[in-house]
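Here's the letter readout for the chains.
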Amino acid sequence: MHFGVVIVLNMMIGLLTPPYGVLLFRPERPGRDARQGDRARARAFILALIAVLFLITFVPSLVLALPELAGYLR
């Protein structure tokens, strides 16, 4: 379960960052480039996601706490 959460978060960061960055430019209208302010806000969000990725990678109890409380993990 922990590995799956790490992989999903990693893939989300990959879709937000260049060279693909599909999720960064998807909400824009066709023919209009993303503004610089939008990119700066996205950059701050990506840095926060990377920080969370490091946290959940090295502290698995953050991810596994809720499944343990629900009784899915023993």
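Here's what I pulled together on the structure shown here. Since the structure is predicted, the reported quantities are computational estimates derived from the model, not experimental observations.

With that settled, consider the nonpolar core. Core analysis: the biggest nonpolar cluster contains 10 residues, these being Val6, Leu9, Ile13, Leu16, Ile46, Leu49, Leu53, Ile56, Val63 and Leu64. Elements with a contribution of two residues or more to this core: helix H1 (2–16), helix H3 (36–58) and helix H4 (61–70). In contact with Val63, not counting residues within four places along its chain, are His2, Val5 and Ile56.

Here we take up H4. Three- or four-residue spacings in an α-helix give side chains the same orientation, since the helix completes a turn every 3.6 residues. When we look at burial in H4, the residues that qualify are Val63, Leu64 and Pro67. End-on view of H4: buried residues confined to an arc of 75 degrees, all on one side of the axis. Residues of H4 that are exposed and point over 90 degrees away from its buried face: Leu62, Leu66 and Leu69. Where H4 terminates, the next one or two residues include Gly71, which has phi positive at roughly 90 degrees.

Within the element layout of this structure, His2 appears in helix H1. Here the side chain of His2 touches Ile56 through a polar contact of 2.6 Å, landing on its backbone oxygen. When near neighbours in sequence (up to four residues on either side) are disregarded, His2 contacts Ile56, Thr57, Pro60, Val63 and Leu64.

A cluster of nonpolar side chains, Phe54, Leu55, Phe58, Val59 and Leu62, forms an exposed patch at the surface whose accessible area comes to about 530 Å². Element by element, the count of residues in the nonpolar patch is highest for H3, at 3 residues. Within the secondary structure, Phe54 sits in helix H3.

The rules we used
- Residues numbered from 1 in each chain as written.
- Predicted model: local features only at pLDDT ≥ 70, side-chain atom pairs only at ≥ 80, totals over all residues.
- Heavy atoms only, no water.
- Core = buried A, V, L, I, M, F, W, Y, C linked by side-chain atoms within 4.5 Å.
- Buried < 20%, exposed > 50% of the residue type's maximum accessible area, 1.4 Å probe, protein only.
- Helix = DSSP H or I, 4+ residues; strand = E, 2+ residues; numbered from the N terminus.
- Contact = heavy atoms within 4.5 Å.
- Arc of directions from axis to C-beta.
- Polar contact = N/O pair within 3.5 Å; in protein donor to acceptor, adjacent residues only side chain to side chain.
- Patch = residues over 30% accessible without salt bridge, like charges linked within 9 Å, V, L, I, M, F, W, Y side chains within 5 Å.
- Areas by Shrake-Rupley, 256 points an atom, 1.4 Å probe, with all protein chains shown as cover.
- Salt bridge = Lys/Arg side-chain N within 4 Å of Asp/Glu carboxyl O.

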